[in-house]
Amino acid sequence: MAKDKHDDIRPATRLVTGGRRPEWTGAVVNPPVWRASTHLYEDTAALKEGKKGNRDGRFFYGRRGAPTQWALAEALTELEPGAAGTVLYPSGVAALSGALLAVLKPGDVLLVTDNAYDPTRTMATGLLKRFGVEARFFDPLDLDAFADAFCDRTRAVMLESPGSLTMEVCDVPAMAAIARDKGAVSLLDNTWASSLGFAALKHGCDIAIQALTKHVGGHSDLMMGSATAAEPWHTRLRRTAQALGHVVSPDDAALATRGLRTMGIRLRQETESALALAEWLETRPEVGKVMCPMLPGSPGHELWKRDFTGGCGLFSFLLTTDDDAARARFIDALDLFGIGYSWGGFESLALPVDPAFDRTATPWPPAGWAGDKALAIRLSIGLEDPDDLRADLERGFAAMENT
Ligand SMILES: *Cc1c(COP(=O)(O)O)cnc(C)c1O
């Protein structure tokens with residue numbers, strides 16, 4: 001339900017104006033927190049009328065939201081060229097499960113990228129399997145193998161670019177086109193780039209999913225997810241989310257909307273700092289490979305340059321050592337980087353990761369990189385001064401030496 005009058009404005013401006021309808025905001029800048037389960041009707045005729053038209057902007061009952069949630073959904077829709085609407089979910093994982101359940105049925109085959117977010121893998125081989133869906137994994141960098149993986153039961157493809165932990169950028173436009181050609185729905189986990197960095201629907205994807213927990217929230221204090229699509233998928237997503245009872249609290253929606261307003265400058269700064277640190281890490285003798293889409297030589301960097309309009313602060317690197325205790329010393333010595341899951345907040349995080357164990361389509365790391373026991377670290381770069389972060393990482397490297 002993007003407003004026509006906004007069709008010609010740019011994403012940075014949309015971040016500021018999105019969802020701010022006067023009838024939702026009243027006299028203040030952002031929509032207030034509407035706490036609501038019951039919506040009251042004037043009379044029984046209005047109650048009857050209320051059942052017609054299941055869409056945002058129409059009061060019905062709390063499960064269909066109120067202006068606080070509608071404003072966030074509308075702002076996200078306005079940021080995704082080609083979208084008809086956005087459905088909000090209580091977490092990023094709920095958005096992934098909600099979208100997959102909206103498109104799949106028993107007997108279907110789902111193709112999943114081999115570098116998918118780990119809970120996506122677990123969902124495909126666990127929950128979805130119980131409902132009769134067969135998951136098959138594909139190498140994100142092998143377009144021919146991807147095309148060959150389709151069969152007459154392939155109903156959907158789950159893409160993620162760059163992939164979790166190993167950060168390969170894949171040829172999403174080509175893959176979405178192949179999927180469409182074969183009659184399959186393409187879903188993209190677009191959490192890394194957000195719609196600011198990658199226009200998922202314009203590049204041919206059917207459903208663009210984001211963990212709003214990350215960049216949109218941006219302050220490590222809320223969990224939320226979204227799925228944005230054109231019709232008919234938007235209506236399918238909406239009906240399925242309503243059937244599953246997915247709702248988001250108005251308090252969290254207000255926080256997410258507040259986060260969205262500054263997302264552009266946060267992403268720009270995090271991208272700049274991350275690239276500077278990635279370039280520096282590449283020069284360190286302790287580092288074998290830096291996996292950062294913005295960095296030349298990183299897998300799929302050319303595709304990132306071709307298709308993306310932005311980056312973010314999340315990347316990984318491989319150590320040359322296979323000594324797990326040395327990796328632990330590195331991470332434990334960091335003062336400014338917190339140790340924890342999630343990412344995309346204003347504060348930097350470091351995490352030991354072992355992507356090799358999650359791969360089933362093709363072995364990882366690729367030949368010529370490092371040994372089987374290649375140890376990786378994932379960094380989420382926040383808004384601290386990058387020189388301070390570099391000094392912190394230097395402390396980590398020094399600690400690796402001291403046994
Ligand atoms: C974190 C993350 C999710 C899940 O989001 P939650 O809000 O934590 O459930 C999904 N996809 C990717 C790529 C993520 O990094």
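Above this text sits the structure in question.
Small disclaimer: the values here were computed from a predicted structure and weren't measured.

S.K.: Would you mind showing me how to read helix α9 (residues 172-181) here?
M.R.: Residues spaced three or four apart along an α-helix point in a common direction, a consequence of the helix completing one turn every 3.6 residues. Where α9 is concerned, the buried positions are V172, M175, A176, I178 and A179. Buried residues along α9 cover an arc of 160° about the axis, so they all sit on one side. Positive backbone phi, approximately 80°, marks G183, located one or two places after α9.

S.K.: Sorry if this is basic, but what is going on with the sheet that holds strand β9 (residues 314-319) here?
M.R.: The strands that make up a sheet are held in pairs by hydrogen bonds between backbone atoms, and each pair lies either parallel or antiparallel. The 5 strands lie next to each other as β8-β9-β12-β11-β10, forming an open sheet whose pairing is mixed. Both edges of this open sheet fall to β8 (287-291) and β10 (338-339), since each of them pairs with a single strand only. As paired strands, strand β11 (residues 349-353) and strand β12 (residues 376-380) are joined by 5 bridges and run antiparallel to one another. Within β12, the residue paired with A350 across the bridge is L379. Its contacts with the sheet put helix α13 (residues 263-282) on β8, β9 and β12, and the angle it makes with β9 is roughly 10°.

S.K.: Teacher, can you tell me more about the packing of aromatic side chains here?
M.R.: We describe a pair of aromatic rings using the distance from one ring centre to the other and the angle between the two ring planes. Applying the stated criterion across every chain yields a total of 11 aromatic pairs. Ring geometry for F317 and F330: centres 6.1 Å apart, planes at 70°, overall edge-to-face. Of this pair, F317 sits in strand β9 while F330 sits in helix α15 (residues 324-332), placing them 13 residues apart in sequence. We classify F330 as buried; its relative accessible area is 0%. Clustering of aromatic rings is evident, with ring pairs tying together W24, W34, F59 and W70. The positively charged end of R21 is found above the aromatic ring belonging to W24, 4.6 Å away from the centroid. The residue whose ring lies beneath R121 is F137, and the NZ or CZ to ring-centre distance is 3.9 Å.

S.K.: I keep staring at the nonpolar core and nothing clicks. Help me out?
M.R.: Grouped burial of nonpolar side chains is what soluble globular proteins tend to show. One finds W192, F315, F317 and L379 to be the most contacted residues of the largest nonpolar core, which totals 83 residues. In terms of residue count, α13 provides more of this core than any other element does, 7 residues in total. Here this core spans two domains, and each of domain 1 (11-259) and domain 2 (264-401) adds at least three residues to it. Within the second largest apolar cluster, 28 residues are counted, among which are V112, I207, A229 and W233.

What counts as what
Residues numbered from 1 in each chain as written. Predicted model: local features only at pLDDT ≥ 70, side-chain atom pairs only at ≥ 80, totals over all residues. Heavy atoms only, no water. Buried < 20%, exposed > 50% of the residue type's maximum accessible area, 1.4 Å probe, protein only. Helix = DSSP H or I, 4+ residues; strand = E, 2+ residues; numbered from the N terminus. Arc of directions from axis to C-beta. Pairing = 2+ DSSP bridges. Contact = heavy atoms within 4.5 Å. Axes fitted to C-alpha atoms, helices over the stretch in contact; angles between N-to-C directions. Phe/Tyr/Trp six-rings, centres within 6.5 Å; stacked < 30°, edge-to-face > 60°. Lys NZ or Arg CZ within 6 Å of the ring centre and 35° of its normal. Core = buried A, V, L, I, M, F, W, Y, C linked by side-chain atoms within 4.5 Å. Domains from an automatic or database assignment.

In short, geometric facts, not functional conclusions.
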